[in-house]
Amino acid sequence: MSPEFPTSGSVRSAAELNEQIRALWLRAGGILSSQERAEYELLVVEWAEAIRGEVIEAA
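None of the values given here were measured: they were computed from a predicted structure.

Attention now moves to the overall build of the protein chain. Within the protein chain one finds two helices and zero strands. For the protein chain, the proportion of its 59 residues judged to be buried stands at 19%. Long-range contacts, defined here as pairs at least 24 residues apart, represent 57% of the contacts in the protein chain between residues at least 6 apart. Surface summary for the protein chain: the accessible area is close to 4500 Å², and the carbon and sulfur share equals 57%.

Locating A14 in the fold gives a position in helix α1 (residues 14-28). Along the chain, A14 and R52 lie 38 residues apart, while their C-alpha atoms are 9.3 Å from each other. Each residue touching A14, except ones within four places of it in the same chain, is listed here: W47, A50, I51 and E54.

In terms of nonpolar packing, the biggest core is built from eight residues, these being A14, L17, I21, L24, A28, L32, L43 and A50. Contributing elements (two or more residues each) for this core: α1 and α2 (34-58). The element that contributes the greatest number of residues to this core is α1, accounting for five residues.

Conventions adopted
- Going along each chain's sequence as written, the residues are numbered from 1 onward.
- In view of the model being predicted, local features appear only for residues whose pLDDT reaches at least 70, and side-chain atom pairs are presented and counted only at 80 or more, with totals across whole chains, interfaces and linings using the full set of residues.
- With hydrogens and water set aside, each side-chain value is computed from the structure's full complement of heavy atoms.
- Numbering goes from the N terminus for both helices and strands, where a helix is a DSSP run of H or I of at least four residues and a strand is a run of E of at least two.
- Buried residues are those whose accessible area, probed at 1.4 Å on protein chains only, stays under 20% of the maximum for their type, while exposed residues exceed 50% and partly exposed ones sit between those limits.
- Any two residues having at least one pair of non-hydrogen atoms within 4.5 Å are treated as being in contact.
- Surface accessibility in these figures is a Shrake-Rupley result with a 1.4 Å probe; residues are shielded only by whichever protein chains are displayed.
- The set of buried Ala, Val, Leu, Ile, Met, Phe, Trp, Tyr and Cys residues whose side-chain atoms join them within 4.5 Å is what this entry labels a nonpolar core.

What follows is the structure, encoded as structure tokens:
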């Protein structure tokens, strides 16, 4: 089962994405497989977009 990721803009909060990133690392025991690495990279990109969106909203 592969996770779905929004393609344009994040619909999830940075906090939610951060929790998913942390959970991924915990499940993997700190060593990511190539599939987990791909999931991690997508989550980090989405998290960065969410952070930017939250900073812009706050300004």
